[in-house]
Amino acid sequence: MQAAGGTAIAAQHANDSARRYWILAAAIGVSGLVADQAVKAAAIANLDPQHPIPLLGGLVTLQLIRNPGAAFSMGEGFTVVLTFVAIAALIGVAGWGLPRVRHYGWAVTGGFLLAGISGNLYDRLFREPGPLQGHVVDFIQLPYFAIINVADIFITSAAVLVVWLSMISQVGLDGSKLKDEGSPAAAEDGEQDGSPSG
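Summarised in this report is the structure supplied together with it.

Cut-offs used in this document
- Residues numbered from 1 in each chain as written.
- Predicted model: local features only at pLDDT ≥ 70, side-chain atom pairs only at ≥ 80, totals over all residues.
- Heavy atoms only, no water.
- Helix = DSSP H or I, 4+ residues; strand = E, 2+ residues; numbered from the N terminus.
- Buried < 20%, exposed > 50% of the residue type's maximum accessible area, 1.4 Å probe, protein only.
- Polar contact = N/O pair within 3.5 Å; in protein donor to acceptor, adjacent residues only side chain to side chain.
- Expected span 1.5 Å × (residues − 1).
- Arc of directions from axis to C-beta.
- Axes fitted to C-alpha atoms, helices over the stretch in contact; angles between N-to-C directions.
- Parallel < 35°, antiparallel > 145°, perpendicular 65-115°, else oblique.
- Left-handed = near helix turned anticlockwise from the far one by under 90°.
- Contact = heavy atoms within 4.5 Å.
- Nonpolar A, V, L, I, M, F, W, Y, C, P; charged D, E, K, R; others polar.
- Phe/Tyr/Trp six-rings, centres within 6.5 Å; stacked < 30°, edge-to-face > 60°.

Below, the discussion takes up the side chain of R127. With respect to the element layout, R127 can be found in the loop between α3 (104-126) and β3 (136-141). For R127, a relative accessible area of 17% puts it in the buried group. Within polar-contact distance, the side chain of R127 engages the side chain of Q37 at 2.8 Å.

Structure representation (structure tokens):
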């Protein structure tokens, strides 16, 4: 009876923990989407595509464009395909990735991905020339680089965090430490399992 009660408490604790990380990621995602769309609205209202504004001595230029493709304007003829890819990515992050997260770093990463994907997806769904074919609003130009927006910054930040968490910190979605095959921990596990360590 006590074991069953303890199991129920542990399961409830696990569910509460998972919910906490999911809520954090969702809050970051929604806030990022709102920020992205607000900044895009300001860019549309105040920037003239024919008159870019250089900032920081030309290090950054505010250049308003409407991009039907992906980064560097690639895939301009596949706007609908890119839209469905974004929808699939959003479903994958929200429906598959985030329910497995038990680590604050991965929750923040998931939130950044939600913000970035949904920010550009909103453009493709609701901006001209029409649903599924909308052009993404870009306006931040960096030297020798694509013209980007706030959503792109969120996606890039998420990519950096993925590399940091998986390769530098070596922590999994569930918060457990990832083990290198050549690490002492991995060798010890191999011995305990009865498998050869090398």
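Past the structure itself, the notes keep going.
This part is about helix α2 (residues 79-97). Taking 1.5 Å of rise per residue, 19 residues should cover 27 Å, and α2 covers 25 Å from first to last C-alpha, within 8% of that figure. For α2, the complete set of buried residues consists of T79, T83, A86, V93 and G97. Seen along its axis, α2 keeps its buried residues to an arc of 135°; they face one direction. For α2, the exposed residues set more than 90 degrees away from the buried face come down to I91, G95 and W96.

As a further point, take the packing of α2 against α3. For the pair α2 and α3, the least separation of the axes is 9 Å and the interaxial angle reads 150°. Between α2 and α3, the crossing angle belongs to the class labelled roughly antiparallel. For the crossing formed where α2 meets α3, the hand is left-handed. From α2, T79, L82, T83, A86, I87, A89, L90, V93 and A94 reach across to α3, where they touch G110, L113, L114, I117, S118, L121, R124 and L125. Considered class by class, the residues forming the contact of α2 with α3 number 12 nonpolar, 4 polar and 1 charged.

Within the structure shown, the criterion is met by 3 aromatic pairs. Each ring, one from F112 and one from F154, has its centre 5.5 Å from the other, and the planes form 55°; the classification is tilted. Here the residue F112 occupies a position in helix α3, and F154 occupies one in helix α4 (residues 150-168), the gap between them amounting to 42 residues. Look at F154 and you get buried, because its relative accessible area is 18%.

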